[in-house]
2 protein chains.
Amino acid sequence: MTYELYYWPMIPGRGEFVRLALEEAGADYIDVARRDGIAPMMKLLGDEKSARPSFAPPFLKAGRLMIGQTANILLFLGERHGLAPKDTPGRFWIHQLQLTLADVVAEAHDMHHPIGVGSYYEDQKPESKRRAAEFRRERIPKFLNYFERVLGKNRYFAGQKLTYADLSMFQVIEGLRYALPHRMKQLEKKYPKLMALSQRVKQRPRIAAYLASSRRISFNEDGIFRHYPELDS
Amino acid sequence: MTYELYYWPMIPGRGEFVRLALEEAGADYIDVARRDGIAPMMKLLGDEKSARPSFAPPFLKAGRLMIGQTANILLFLGERHGLAPKDTPGRFWIHQLQLTLADVVAEAHDMHHPIGVGSYYEDQKPESKRRAAEFRRERIPKFLNYFERVLGKNRYFAGQKLTYADLSMFQVIEGLRYALPHRMKQLEKKYPKLMALSQRVKQRPRIAAYLASSRRISFNEDGIFRHYPELDS
């Protein structure tokens, strides 16, 4: 079966967490909007006949199944492709970490859109500077302290075996590095375990091949992790 | 087994979504911080020896299992207490709706904290007014349109049988009504199906008994759904 991933074609965004899982799983998938433009995606989102549409991209078509919400898609792919523990405590633990990573992603987004998604960054710059200051000083260390602590001496969050939450952690670290290189340079040495995990993910053969391919979309200023130098100091 | 729920004792907040599920399930539970204060909760959050701590409340202790993140706790309780479909499509669909409701909750919170959680509402009032305008005009209708549409002719989101997402939808509607009574009065008539679902939830015997009890905490201005008249017009 070939999966169909529906997501904005020009940004890594939330779709990237799904792409990383599909790539690590070695799954067959079509990144639909990159191949065919966004029309089919918009049709599925707006289709009155669709019984279980998503509120927003990303969503994944898996045969007759249509699944939305990033963490939910990963829960599904994790079960199907061995990217999550099978035991009850491990299964819920990894999903808990994923949802906490989703909170980081939302805050990274709100850094440049504190007033709302309906207006441009350029129209909310002073507010963004205030919000970014708190994100840099308080929130990033709080989140990274947490993830460093729960990783502990484990190779990956669930122990020896990689899960979708490790892939997402890698992407969050990469995103923060892109958005806030100055701040992250100060912080990275405080999180040696997370940095090692990130490195481990990066070097996995399928991930390494993916990152070197044209399928990987670079971070940019239309996405969630944006580099605006004025928000980095 | 008696569950232990850990959440801030003075607000409905995110803990309320868990309380509603526990009440509907008729589960035995202790709302720990309401009985013993927040010290035990803070200890569990900060305990270096705890292998799988939560980043923030709410979290639930179920025997030796400790589970955090609201939607994740509901996923767990849903499986255990028949508050979610058992089939794969239904299971992921209900979780998808829950995560979309979590997005509404986050936006309802950010309405009065657009600049960040580190400063008071009083220190971000002009920004809150701007953010609230977009939330009222654009975001609430967009979310409610979506939920009304996916509910369709069903009694509950999954069909005939109540799930945790229906309980959460009820709480979100109650929260929006409390926070933005003026705006919700304009909007409610556009969403007859959601209003009927909400009424159905409210009248379930266990929920009705809970709402009439002292266990139910009223909405207030320390919580997520806050009523600031200046944000409602």
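Residues numbered from 1 in each chain as written. Chains lettered and ligands numbered in written order. Predicted model: local features only at pLDDT ≥ 70, side-chain atom pairs only at ≥ 80, totals over all residues. Heavy atoms only, no water.

Caption draft 1: View of the overall build of chain A. Regarding its fold elements, chain A presents ten helices and four strands. Helices and strands in chain A line up, N terminus first, as β-α-β-α-α-β-β-α-α-α-α-α-α-α. Taking 17 Å as the expected radius of gyration for a compact globule of 233 residues, we find that chain A reaches 18 Å, a close match to that expectation. Across its three principal directions, the C-alpha atoms of chain A cover 45 × 45 × 30 Å. (Helix = DSSP H or I, 4+ residues; strand = E, 2+ residues; numbered from the N terminus. Rg over C-alpha atoms; globule rule 2.2 N^0.38 Å.)

Caption draft 2: Spotlight on the pairing of strand 1 (residues 3–6) of chain B. All names here are of chain B. Sheet topology note: the strand 1/strand 2 (residues 29–31) ladder contains three bridges and is parallel. Counterpart to Leu5 in the pairing with strand 2 is Asp31. Bridging between strand 1 and strand 3 (residues 59–62) involves three bridges; their strand directions are antiparallel. Bridging across to strand 3, Glu4 finds its partner in Lys61. (Pairing = 2+ DSSP bridges.)

Caption draft 3: Fine view of the environment of Leu5 of chain A. Residues and elements named next belong to chain A. Assignment of secondary structure puts Leu5 in strand 1 (residues 3–6). Separated by 36 residues in the primary sequence, Leu5 and Met41 place their C-alpha atoms 9.3 Å from one another. Among residues more than four places away in sequence, those in contact with Leu5 are Gly15, Val18, Arg19, Leu22, Tyr29, Ile30, Asp31, Val32, Ala33, Pro58, Phe59 and Leu60. (Contact = heavy atoms within 4.5 Å.)

Caption draft 4: Spatial organisation of helix 7 (residues 164–179) of chain A. Between its first and last C-alpha atoms helix 7 of chain A spans 22 Å; for 16 residues at 1.5 Å apiece the expected length is 22 Å, and the two agree. Most of helix 7 of chain A sits inside the fold, with 14 of its 16 residues counted as buried. (Expected span 1.5 Å × (residues − 1). Buried < 20%, exposed > 50% of the residue type's maximum accessible area, 1.4 Å probe, protein only.)

Caption draft 5: Just the sheet that holds strand 3 of chain B, in detail. All names here are of chain B. The sheet built from four strands is open, its strands ordered 2-1-3-4 with mixed pairing. Two strands in the sheet have a free side with no partner beyond their single neighbour: strand 2 and strand 4 (65–68). Between one strand axis and the next, the sheet turns through 20 degrees on average, direction left out of account. Together, strand 1, strand 2 and strand 3 form the strand contacts of helix 1 (residues 15–25), whose direction differs from that of strand 1 by roughly 160 degrees. (Axes fitted to C-alpha atoms, helices over the stretch in contact; angles between N-to-C directions.)

Caption draft 6: Seen up close, helix 1 of chain B. Residue and element names in this part refer to chain B. Within helix 1, eleven of the eleven residues are buried, which leaves it mostly tucked inside the rest of the structure. Buried within helix 1 we find Gly15, Glu16, Phe17, Val18, Arg19, Leu20, Ala21, Leu22, Glu23, Glu24 and Ala25. Where helix 1 terminates, the next one or two residues include Gly26, which has phi positive at roughly 65 degrees.

Caption draft 7: How the structure looks around the interface of chain A and chain B. If you look at the interface, chain A gives 51 residues, while chain B gives 51 residues. Summing the contributions of chain A and of chain B, the shared interface buries around 4400 Å²; its carbon and sulfur component is 54%. Summed over the shared surface of chain A and chain B, the number is four salt bridges. The partner of Glu127 of chain A in a salt bridge is Arg130 of chain B, with the nearest N and O atoms 2.7 Å apart. Where chain A packs against chain B, one counts 29 residue pairs in polar contact (both at pLDDT 80 or more). The set of elements that each furnish at least two residues to the side of chain A that touches chain B consists of helix 3 (39–46), strand 4 (65–68), helix 4 (70–81), helix 5 (88–110) and helix 6 (125–151) of chain A. At twelve residues, the largest contribution of residues to the side of chain A that touches chain B is made by helix 5 of chain A. When its residues are assigned to classes, the side of chain A that touches chain B shows 21 nonpolar, 15 polar and 15 charged. (Buried area = accessible area lost by both parts, 1.4 Å probe. Salt bridge = Lys/Arg side-chain N within 4 Å of Asp/Glu carboxyl O. Polar contact = N/O pair within 3.5 Å; in protein donor to acceptor, adjacent residues only side chain to side chain. Nonpolar A, V, L, I, M, F, W, Y, C, P; charged D, E, K, R; others polar.)

Caption draft 8: Summary view of the pattern of salt bridges. Taken as a whole, this structure holds 28 salt bridges over all chains when the rule is applied. For Lys125 of chain B, the salt bridge is made with Glu230 of chain B, and the minimal N-O distance between the two is 3.9 Å. Here Glu230 of chain B lies in the segment after helix 10 (205–211) and Lys125 of chain B lies in helix 6 (residues 125–151), a separation of 105 residues in the sequence. Relative accessible area serves as the criterion here: at 27%, Glu230 of chain B is assigned to the partly exposed category. The partner of Lys202 of chain B in a salt bridge is Glu174 of chain B, with the nearest N and O atoms 3.9 Å apart. Here the residue Lys202 of chain B occupies a position in helix 9 (residues 192–202), and Glu174 of chain B occupies one in helix 7 (residues 164–179), the gap between them amounting to 28 residues. Here Glu174 of chain B falls in the buried class, since its relative accessible area comes to 15%. Linked through salt bridges whose partners overlap, the residues forming this network are Glu16, Arg19, Asp31 and Arg216 of chain A.

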